[in-house]
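If you want the building blocks of each chain, they are given just below.
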Amino acid sequence: MSHFIYAIVGPSGAGKSTLADAVFKKEEQIVSFTSRDPRPGEKNGVEYYFIGKKTRQDIDRMKQDCIEGKLVELVEYNGNVYGYSTIEILNKFNPELKSAAAIVTREGYDNLKASQFGEYVIPVFVTASRNTIKRHLSNRNDTPENIEKRLALYDDEAKNEEWFNQLNHQKILIRTDEDNLAKTSSYFKKQIQTFERN
């Protein structure tokens, strides 16, 4: 039996976190860090490690950490930095014992695939229509300004589906337009079982 890191990619608001919570236990979810402020109800170390705002000098130092392998991902998105530490992945993933999930950008997926964990990485693209995304974002208790910023990024993020379709290895595509979490999570779980039986 094989175990993998399911790297979940897709537009903001497509339901990546909701789906990950429905399919993976908390201890199986690799927690990234972010410099953005917590949303209402978010807790440090659960949704993210909230590291506070960073200066350009801080970010340059973090980029060096990425080069040295201390960080697997470091991306700037919507004015904030996000990423994963190598230690966090090692703590959550063991190819002999369990799988794990990580929500990443396309760039983050590329970095993860190129890392020491690359052979275990399965890409999962979660997407939805623009109208569905707008509805999801509006239900998040986010500010109207942030909602508009994220919607402005939708077209570029949705184009990543073309990139995803061209990947020539194992992958999973999930659409969330039906807003049927039970059906979507059941489909995801069946795909995972197929991969892990092989």
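Every value quoted in this text rests on a predicted model; they were computed, and no experiment measured them. (Residues numbered from 1 in each chain as written. Predicted model: local features only at pLDDT ≥ 70, side-chain atom pairs only at ≥ 80, totals over all residues. Heavy atoms only, no water.)

### A closer look at the overall build of the chain
A count of helices and strands for the chain gives nine helices and eight strands. For a compact globule of 198 residues, the expected C-alpha radius of gyration is about 16 Å, and the chain comes in at 16 Å, within 12% of that figure. The C-alpha extent of the chain, read off along each of the three principal axes, is 45 × 40 × 35 Å. Per-residue burial over the chain gives 46% buried out of 198 residues. Sequence-distant contacts, at least 24 apart, represent 68% of the contacts inside the chain between residues at least 6 apart. With 29 positive and 29 negative side-chain charges, the chain shows a spacing of 3 Å between the two charge centroids. (Helix = DSSP H or I, 4+ residues; strand = E, 2+ residues; numbered from the N terminus. Rg over C-alpha atoms; globule rule 2.2 N^0.38 Å. Buried < 20%, exposed > 50% of the residue type's maximum accessible area, 1.4 Å probe, protein only. Contact = heavy atoms within 4.5 Å. Lys, Arg positive; Asp, Glu negative; His and termini not counted. Charge placed at Lys NZ, Arg CZ, Asp CG, Glu CD.)

### Topic: the pattern of salt bridges
According to the stated counting rule, one finds 15 salt bridges in the structure shown. R39 serves as the salt-bridge partner of E42, at 3.6 Å between the closest nitrogen and oxygen. For E42, a relative accessible area of 18% corresponds to the buried category. Look at R39 and you get buried, because its relative accessible area is 18%. As a salt-bridge pair, K70 and D65 come within 3.9 Å of each other at their nearest N and O atoms. Classification of D65 by relative accessible area gives partly exposed; the value is 22%. Each member of the salt-bridge network shares a partner with another, and the members are R36, R39 and E42. (Salt bridge = Lys/Arg side-chain N within 4 Å of Asp/Glu carboxyl O.)

### Quick word on the nonpolar core
Y6, V124 and F188 are the most contacted members of the largest nonpolar core, which totals 23 residues. For this core, the secondary structure elements donating two or more residues are β1 (5-9), α1 (16-23), β7 (121-127), α5 (130-138), α6 (144-152), β8 (172-175) and α9 (181-197). Residues within four places of V124 in sequence aside, it is in contact with Y6, A7, I8, V9, F164, I172, I174 and F188. Core analysis: the next-biggest nonpolar cluster, separate from the first, contains 19 residues, V9, A102, Y109 and L112 among them. (Core = buried A, V, L, I, M, F, W, Y, C linked by side-chain atoms within 4.5 Å.)

### As for the environment of K149
Among the secondary structure elements, K149 is positioned in helix α6. Measuring from C-alpha to C-alpha, the distance between K149 and N78 comes to 7.3 Å, with 71 residues separating the pair along the chain.

### Brief notes about the pairing of strand β5 (residues 80-85)
Sheet faces and side chains relate simply in a regular strand, where the side chains alternate between the two faces. Among the six residues that make up β5, five are buried, leaving the element largely enclosed by the rest of the structure. Here strand β2 (residues 33-34) runs beside β5; their pairing, made up of two bridges, is antiparallel. Paired with F33 across the strands is G83, a residue of β5. With six bridges connecting them, strand β4 (residues 71-77) and β5 associate as antiparallel partners. Bridging across to β5, E76 finds its partner in V81. (Pairing = 2+ DSSP bridges.)

### Focus on the sheet that holds β1
Overall, parallel pairing links the four strands, which are arranged β6-β1-β7-β8 in an open sheet. Of all the strands in the sheet, just β6 (100-103) and β8 have a single pairing partner and so form its edges. Taking each pair of neighbouring strands and ignoring which way they run, the sheet shows an average axis angle of 25°. Across five bridges, the pairing between β1 and β7 is parallel. Counterpart to V9 in the pairing with β7 is F125. Each of β1 and β7 is contacted by helix α4 (residues 106-114), which is oriented at about 160° to β1, the strand it contacts most. (Axes fitted to C-alpha atoms, helices over the stretch in contact; angles between N-to-C directions.)

### Observations concerning the packing of aromatic side chains
Both the distance between ring centres and the angle between the ring planes are used here to describe each pair of aromatic rings. On inspection of all chains with the given rule, the structure shows ten aromatic pairs. Aromatic side chains F24 and F188 sit 5.8 Å apart centroid to centroid with 75° between the ring planes, which places their arrangement in the edge-to-face category. One end of the pair, F24, is in the loop between α1 and β2; the other, F188, is in helix α9, and 164 residues separate them in sequence. The exposure class assigned to F24 is buried, which follows from its relative accessible area of 7%. Aromatic rings pair up to connect F4, Y6, F24 and F188 into one cluster. Above the face of the F164 ring, K171 is positioned so that its terminal group lies 5.5 Å from the ring centre. (Phe/Tyr/Trp six-rings, centres within 6.5 Å; stacked < 30°, edge-to-face > 60°. Lys NZ or Arg CZ within 6 Å of the ring centre and 35° of its normal.)

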